[in-house]
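# Structural description and commentary
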Amino acid sequence: DVLVTHACECESANVRYLSGFWAVFDFAGVLVPRIGNPMLLTGGPESYDFAKQFSEIEDVRIHPMYVETAAPEWDKPTEEFNFTAIMDEFRQSFPVKTIGIADSNIIPYQIMKDIQKGAPDAEYKEAQWVINKVREIKSENEIALLKEAYRITEQAFIDSLDTVKPGVWEWEIEAAWRASAYKMGAEGTSYPIWITSGDTTFQSLCRSSDKQIVDNSMVQITVGAKYNGYCGNFCRAVVLGEIPERHQYMINVAKECVDETIEMIRPGATFTGVYDKFQERLAKNGFSGLNLYGPAHGTGMQEVECAWVDNRTDKVFQPGMVFNVDIWIADHQYGVRIEDGLYVTDSGVELFASYPREAIRL
């Protein structure tokens, strides 16, 4: 009867997809009733004015719990709505018997309690799958936005390559990439991007630090621009001088995995077939068990979104699906990630980036 979605600044996708609004500081949520128009909720008069400017949903309400953790007591007179008042409005048109909750893992406890107070007799169901199913196939307009996000991401990488040299700090390389991306129209990053080098390249997640780049080491570039809500992503290995043979071999195998995965993704191909082939190549080269997950994942308004390519599903690739082929291999000493985006066409795939995937030697 009612679908409830939730968003914070770093997990904005469902609400932004439905409304066009991307909250900062405060939270936001979209309610989609079975009958009638959708409603956007956010916190406080600042976010209300912000939402009215950007939201495609006309009915914007202030909920007192959708505010930042250190919100003030507002001096400005503000009309507020809790879920009891909102559900009472819905109940004028239809009985609220079943409420679907998307984003259930990020809804704050107090907000969830207020939802349940507003409809204490309703049945609550996990409903992330409902919006995942809608978002899984991208429209032509979405593909166009993704192409621009990836174009910015790749070009900013190319522009920042001349900063990768011994003596610079990791954050200097990130800063050069950011400067270029923002000049080309990026609204931000797809995720908290990072540069790692040397003995931290085995980390799948990291932050750029004040560690200096040294000769005879690998630098892992992990960057992505967000453009009009859509995410680009681009990961490459840069090698300065000579690196250990095992590390170079790991990079070579990662590239082979990327190439093979791209070759296998076609309309009608099974996720299981692509995943099993990836695992076969890892095992053949002595890297079995050194990956975290399958060779590709969905992308769009989040850098990572459903679906994951693995052998735990009966899914097949369909035209309009968009993926990051994301090959991550690491032991506790060395690591590498090579990542590229693509979308599935009627006859095959089209890549979002064209830069070579071999180790870049400077």
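Being a predicted model, the structure only gives us computed values, none of them experimental.

Let's shift gears to the overall build of the protein. Counting its regular elements, the protein contains nine helices and 18 strands. The C-alpha radius of gyration of the protein comes to 23 Å, within 12% of the 21 Å expected for a compact globule of 362 residues. The dimensions of the protein, computed from C-alpha atoms along their principal axes, are 70 × 45 × 35 Å. Scored against the burial criterion, the 362 residues of the protein give a buried share of 52%. When the accessible area of the protein is evaluated, it comes to approximately 16,500 Å², of which 51% is carbon and sulfur surface. Each charge class in the protein can be summarised by its mean position, and for the 33 positive and 54 negative side chains these summaries are 3 Å apart.

Glancing now at the packing of helix H6 (residues 140-160) against helix H7 (residues 170-183). Close contact between H6 and H7 brings their axes to 8 Å; oriented N to C, the two are set at 130°. The pairing of H6 with H7 is recorded here as oblique in orientation. Along this stretch, H6 crosses H7, giving a crossing that reads as right-handed. For the pair formed by H6 and H7, the contact residues are Ile 152, Thr 153, Gln 155, Ala 156, Phe 157, Asp 159 and Ser 160 on the first element and Ile 173, Ala 176, Trp 177, Ser 180 and Ala 181 on the second.

Thresholds applied
- Residues numbered from 1 in each chain as written.
- Predicted model: local features only at pLDDT ≥ 70, side-chain atom pairs only at ≥ 80, totals over all residues.
- Heavy atoms only, no water.
- Helix = DSSP H or I, 4+ residues; strand = E, 2+ residues; numbered from the N terminus.
- Rg over C-alpha atoms; globule rule 2.2 N^0.38 Å.
- Buried < 20%, exposed > 50% of the residue type's maximum accessible area, 1.4 Å probe, protein only.
- Areas by Shrake-Rupley, 256 points an atom, 1.4 Å probe, with all protein chains shown as cover.
- Lys, Arg positive; Asp, Glu negative; His and termini not counted.
- Charge placed at Lys NZ, Arg CZ, Asp CG, Glu CD.
- Axes fitted to C-alpha atoms, helices over the stretch in contact; angles between N-to-C directions.
- Parallel < 35°, antiparallel > 145°, perpendicular 65-115°, else oblique.
- Left-handed = near helix turned anticlockwise from the far one by under 90°.
- Contact = heavy atoms within 4.5 Å.

Read these as geometric descriptors, not functional statements.
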